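Coordinate inspection notes
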Amino acid sequence: MLGILKGLATTLSTMVRKPVTVQYPTVRREIPQRDRGFPVLLWDHETGEPFCTGCHACERACPVECITVTMKDNPLYAQGKSERRKIVDEFWLDYGRCMRCNICVEVCNFKAIAMNNTWMGHELSRFDRADLVLDLGELLAQSKEKKMQAWVPK
Amino acid sequence: MDHLDEFLENPWVNGILGLLAVLVLIILVVLALIYIERKFLARIQMRLGPMRTGPYGLLQSLADAIKLLAKEDLRPARADRWVFELAPYAVFVPGFLAFVAIPFTRNWAVSFLELGLFYVVAVTGLSFVGLLMAGWASDNKYALLGGMRAAAQLISYEIPLVLALVAVSMVAGTLNLREMVEAQGRVPLVVWQPLAFFIFMAAALSELERQPFDIPTAESEVVGGPYIEYSGIRWSMFFLTSYANLFLYSLLGAAVFLGGWDWFLGRDAGPWLQALWMAGKTTFLILVFMWARGTFPRLRIDQLMSLCWKVLLPLAFLQIFLSGLVLVHGWPDWALLLTSGAGLLAAAYIVWAAVRPRPLAVREAVASGSVA
Amino acid sequence: MAVEHDLETMEIPVNMGPQHPSTHGVFRMVLKVDGERVVELVPHIGYLHRGAEKLCENMDYRQGIGIHDRTEYLAPFHAELALVIAVEKLMGLEVPERAEQIRIIMAELNRITSHMMFVGAFSADAGVFGTAFTYAFREREYIQDIFEEVTGDRTMYGYFRPGGLAWDVPDDFVERVRAVLEHTRQGIDDIDNLLTKNEVFMARTRGIGAMSAEEAIDWGLSGPMLRACGVRHDLRKAQPYCIYDRFDFDVPVGQYGDVYDRYLVRLEEMRQSVRIVEQALEGLRDGPIMPKKMRRRLRTPPGEIYQGVEAPRGEYGVYIVSDGTDKPYRMKIRSACFANLMGLRDMVVGHFVADAVVILGSIDMVLGEVDR
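Quick notes on the rules
- Residues numbered from 1 in each chain as written.
- Chains lettered and ligands numbered in written order.
- Predicted model: local features only at pLDDT ≥ 70, side-chain atom pairs only at ≥ 80, totals over all residues.
- Helix = DSSP H or I, 4+ residues; strand = E, 2+ residues; numbered from the N terminus.
- Rg over C-alpha atoms; globule rule 2.2 N^0.38 Å.
- Buried ≥ 20, exposed ≤ 12 C-beta atoms within 10 Å, placed from the backbone.
- Contact = placed C-beta atoms within 7 Å.
- Domains from an automatic or database assignment.
- Nonpolar A, V, L, I, M, F, W, Y, C, P; charged D, E, K, R; others polar.
- Expected span 1.5 Å × (residues − 1).
- Arc of directions from axis to C-beta.
- Pairing = 2+ DSSP bridges.
- Axes fitted to C-alpha atoms, helices over the stretch in contact; angles between N-to-C directions.
- Parallel < 35°, antiparallel > 145°, perpendicular 65-115°, else oblique.
- Left-handed = near helix turned anticlockwise from the far one by under 90°.
- Core = buried A, V, L, I, M, F, W, Y, C linked by C-beta atoms within 7 Å.
- pLDDT = per-residue confidence, 0-100.

Let's shift gears to the overall build of chain A. When its secondary structure is counted, chain A shows 5 helices and 7 strands. For chain A, the N- to C-terminal ordering of α and β elements is α-β-β-β-α-β-α-β-α-β-β-α. A compact globule built from 154 residues would reach a C-alpha radius of gyration of about 15 Å, whereas chain A, at 22 Å, exceeds it by more than 25%. Within chain A, the fraction of its 154 residues that count as buried is 31%. Within chain A, residue pairs in contact and separated by at least 24 positions form 74% of the contacts whose partners lie at least 6 positions apart.

With that settled, the discussion passes to the domain arrangement of chain B. Residues and elements named next belong to chain B. As far as domains go, chain B holds domain 1 (10–70) and domain 2 (75–351). One C-alpha centre belongs to domain 1, the other to domain 2; they are set 20 Å apart. Contact residues are listed per partner, giving 16 residues for domain 1 and 17 residues for domain 2. When contributions to the side of domain 1 that touches domain 2 are tallied by element, the ones reaching two or more residues are α2 (11–44) and α3 (60–70). At 13 residues, the largest contribution of residues to the side of domain 1 that touches domain 2 is made by α2. Considered class by class, the residues forming the side of domain 1 that touches domain 2 number 12 nonpolar, 3 polar and 1 charged.

It is worth spelling out helix α1 (residues 2–15) of chain A at this point. The end-to-end C-alpha distance of α1(A), which contains 14 residues, comes to 20 Å, matching closely the 20 Å that a straight helix rising 1.5 Å per residue would cover. Within α1(A) the residues assigned to the buried category are A:Gly3, A:Gly7, A:Thr10, A:Thr11 and A:Thr14. Buried positions in α1(A), seen along its axis, are confined to an arc of 90° and lie on one side of it. In α1(A), the exposed positions that point more than 90 degrees away from the buried face belong to A:Leu2, A:Leu12 and A:Ser13. In this structure, the buried residues of α1(A) make contact with α2 and α12 (271–295) of chain B together with α5 (131–150), α6 (173–196) and α7 (199–205) of chain C.

Residues and elements named next belong to chain B. Among the 11 residues that make up helix α6 (residues 127–137), 9 are buried, leaving the element largely enclosed by the rest of the structure. Restricting attention to buried positions, one finds in α6 the residues Ser-127, Phe-128, Gly-130, Leu-131, Leu-132, Met-133, Ala-134, Gly-135 and Ala-137. In this structure, the buried residues of α6 make contact with α4 (81–98), α5 (116–124) and α7 (141–172). The first or second residue beyond α6 is Asp-139, which carries a positive phi of 55°.

Residue and element names in this part refer to chain A. As summarised here, the arrangement of the 3 strands in space is β4-β5-β7, forming an open sheet in which the pairing is antiparallel. Two strands in the sheet have a free side with no partner beyond their single neighbour: β4 (67–73) and β7 (133–134). The pairing of strand β5 (residues 86–94) with β7 spans 2 bridges and is classified as antiparallel. Residue pairing across strands places Asp-94 opposite Val-133, the latter belonging to β7. Sheet strands in contact with helix α5 (residues 136–144) are β5 and β7, and its direction is about 100° off that of β5.

Turning to the packing of α1(A) against α12(B), a few remarks are in order. One can describe the packing of α1(A) onto α12(B) by two numbers: an axis separation of 10 Å at closest approach and a directional angle of 100°. What the angle tells us is that α1(A) and α12(B) run roughly perpendicular. Contacts between α1(A) and α12(B) involve A:Gly7, A:Leu8 and A:Thr11 from the first element and B:Trp291, B:Gly294 and B:Thr295 from the second. Its residues assigned to classes, the contact of α1(A) with α12(B) shows 2 nonpolar, 4 polar and no charged.

A few words now on the sheet that holds strand β2 (residues 28–34) of chain C. The strands making up a sheet are joined through hydrogen bonds of the backbone, oriented either antiparallel or parallel. Residue and element names in this part refer to chain C. Pairing within the open sheet is antiparallel, and its 3 strands lie in the order β1-β2-β3. At either end of the open sheet lies a strand with only one pairing partner, and these are β1 (12–16) and β3 (37–44). The sheet shows a mean angle of 20° between the axes of neighbouring strands, taken without regard to direction.

Glancing now at the interface of chain A and chain B. Between chain A and chain B, the contact holds 11 residues from the first and 12 residues from the second. Looking at the side of chain A that touches chain B residue by residue, the classes come out as 5 nonpolar, 5 polar and 1 charged.

So, on to the packing of α6(C) against helix α11 (residues 259–282) of chain C. Residue and element names in this part refer to chain C. Running from N to C, α6 and α11 cross one another at 165°; their axes reach a closest spacing of 11 Å. Of the possible angle classes, the one that applies to α6 and α11 is roughly antiparallel. In this structure, α6 meets α11 at a crossing whose hand is left-handed. Contact residues: α6 offers Val-174, Val-177, Arg-178, Leu-181, Thr-184, Arg-185, Ile-188, Asp-192 and Thr-196, while α11 offers Leu-267, Met-270, Arg-271, Val-274, Val-277, Glu-278 and Leu-281. Residues that form the contact of α6 with α11 fall into these classes: 9 nonpolar, 2 polar and 5 charged.

Our focus in this paragraph is the nonpolar core. Judged by nonpolar contacts, the single largest core of 215 residues is most densely connected at B:Ala164, B:Val168, B:Ile199 and B:Phe200. Here this core gets 16 residues from one element, more than from any other, and that element is helix α4 (residues 97–126) of chain C. Each of domain 1 (10–70) and domain 2 (75–351) of chain B gives at least three residues to this core. Aside from chain neighbours lying at most four places away, what touches B:Ala164 is B:Ala196, B:Ile199, B:Phe200, B:Ala203 and B:Ala316. A:Cys62, A:Val69, A:Cys101 and A:Ala114 belong to the second largest nonpolar core, which has 28 residues in total.

What follows concerns the confidence of the model for chain B. Residue and element names in this part refer to chain B. On average, residues of chain B score 82 in pLDDT, and 92% of them are at 70 or above. Averaged over each element, pLDDT in chain B is lowest for helix α1 (residues 2–9) (72) and highest for helix α10 (residues 194–207) (90). Note that residues 359–372 has pLDDT below 50 and, in this model, 26 contacts with residues that lie over four places away or in other chains. Scored as a whole, the predicted complex attains pTM 0.87, and scored at its interfaces, ipTM 0.86.

See the structure below:
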């Protein structure tokens, strides 16, 4: 009998505690700096081009082979405005395949790719699975508009 | 105006208006209870409950009602048509009929029957027929098994429930519910007969099919209940009945055990104050039922049955016997408390003894040559 | 009058199919039921087979960490630990002190989250209407917040690397963990008070699914299932890996090997994990987290190695056959739940159908591990 009364007392005591619900989407929890959303590419605001040079390092390291990269000669290098000889030409990342393992970020030599640690890295619903394959413009969009503070491990 | 008064004095008109008022009251209370249950259980679980439909989720019951009304009304092709369609109503009607005899205040009831308690018990005992109808007519062997189990549970727990109420009516000396409430002017009956109160609450939990006795509606068990083939309006009738029964048993408990609208306000308080007081006690019992729901796991069907027949039934008989002894010999009232309290301790002991660990006969050995 | 002495009875096959609220993943059990007793049980697995072992043959060890995360998805740190320790032993790497301490903290916190998940799901099986479930998940969320701050992900961490860790913990790590441990102690006490001495819970779990120590060893059980039967075998004490031999903790051992004992063992293990985490926090010093001069490509010398760890469910082991390249030639995963599931039939046969659900819940299955 005592056990039943103890159980009832426990539920009574939890009734007066503050509820732990966060009422998403009116209230959004603050996510920590290292949060691993889906990867995005970073934009170099000083030179006005992506950091990515198209070196294929992330493409080779990706366990699920969700990245496709091509590189081209950098027109800004020819003009003398940038140090990068080659620059990324096309970049596709399939968010449907990505397992957010962070390996592409670790192997990148140019700190060009980072995991999206904002809410936009989590709210990615689409109606069609093909829409989850993002191209270069879409991947650079958030960094171009300075809407994120990327964290890249040392 | 005289014509109006005469018109209202007509017993037929009076009765019909009373029934309509009770029907409206039941519906409003059920809508409120759906919301209250969800919020209350959410608070026990440290979460918020419905918050989106209307401010603080107040329109949740309305949203549920609209959703259920708009659902497609399915019927299995080989179901027994009339039995299938009448089963929800067969479950609702006995509960509604029982409200006829319940006094809400001193002067407010549909009818102050002399055999009030007897009538209530007799009528609520009919609700299992609807469950059997639902289980049989669904053309589904699991629904049939579930329906029979539910019916067995309801019928078995009728008996301790009735006996507990009999014990109380012995002490009050009447079956008329209004007089029973008034007999508790000084002290509510729960003080004289705590064992009967405990048996009443346990049996009511089982009649309501709530934790820890909610086998028929258990979702994580293999056999679904008798309701599985129902959807839309028909299912909402079962849902409505379950909350209406909750309201009914809480009213009954508040009237018979907690002193209803009389203790400790007295007979002369105004009718609205009495109604409020009665509502308060009823709400208290409703919350206790909901509290139990959030706390207990569910019992297995055989444990449920053995609890009823081997524990609650003998205790109910014990309570009647001891109360009878005290009343016949004319011993003072506190002897009632003594005997009933002793019975309650006996109940606690039985529950403890049933679950204390005892060595398992066959498989017990500790490994020889234990590793590390 | 002739008496029928040959009533035709039928043993009903009951299919608890792949989609079921309480089979903890896509698992199928076909029970043969005679009345209420289970006569035969045939488990069907393989619904979640994803070819993890084959995939690992095409991935190097760092990429394979992600696969192991998703195999044992409720205790990923232990799966990662098995893999990285196996690779470190193959290559003869020396792991820095700080990395070992942090690994232990993470692994033990993961044990707490895994057992919390067990308590929540198990109490839902037993019938508690979600109260213990939300308590358990509240605690889980606090610890997952720490994991998110350190690794970036709440469930699939990918944090350990052969040689140490991928990156260092944030600066406020020690204070955060200490703050969370306060919550965890309170949460474990809440669940303890709600369930452990609850007579209804004990009636539901005492004496159910018992297994003797010899049978447990014969079937190859490990982890809390084995310890509940009375066998004092814990890999952290028997074959210490990482730096577990430096910590002071007890290994809870049950007595009867029934479902209640398994619950008690897991509850106590949570408390012991809190102890270990506190000791590790005390011993955390600054330093490197990876050995110096780590090569980019981890070519393991040819050979083979088996490394088992004490995952929350039992002994999770990785057997690697290496042919000299940076990808394993064969990686075999010894999954704890697969072995634990083998004893299911012996535990369930002879009990009621309702108990089958409870026993299945007590095994604490993770289908990803069973099917790989």
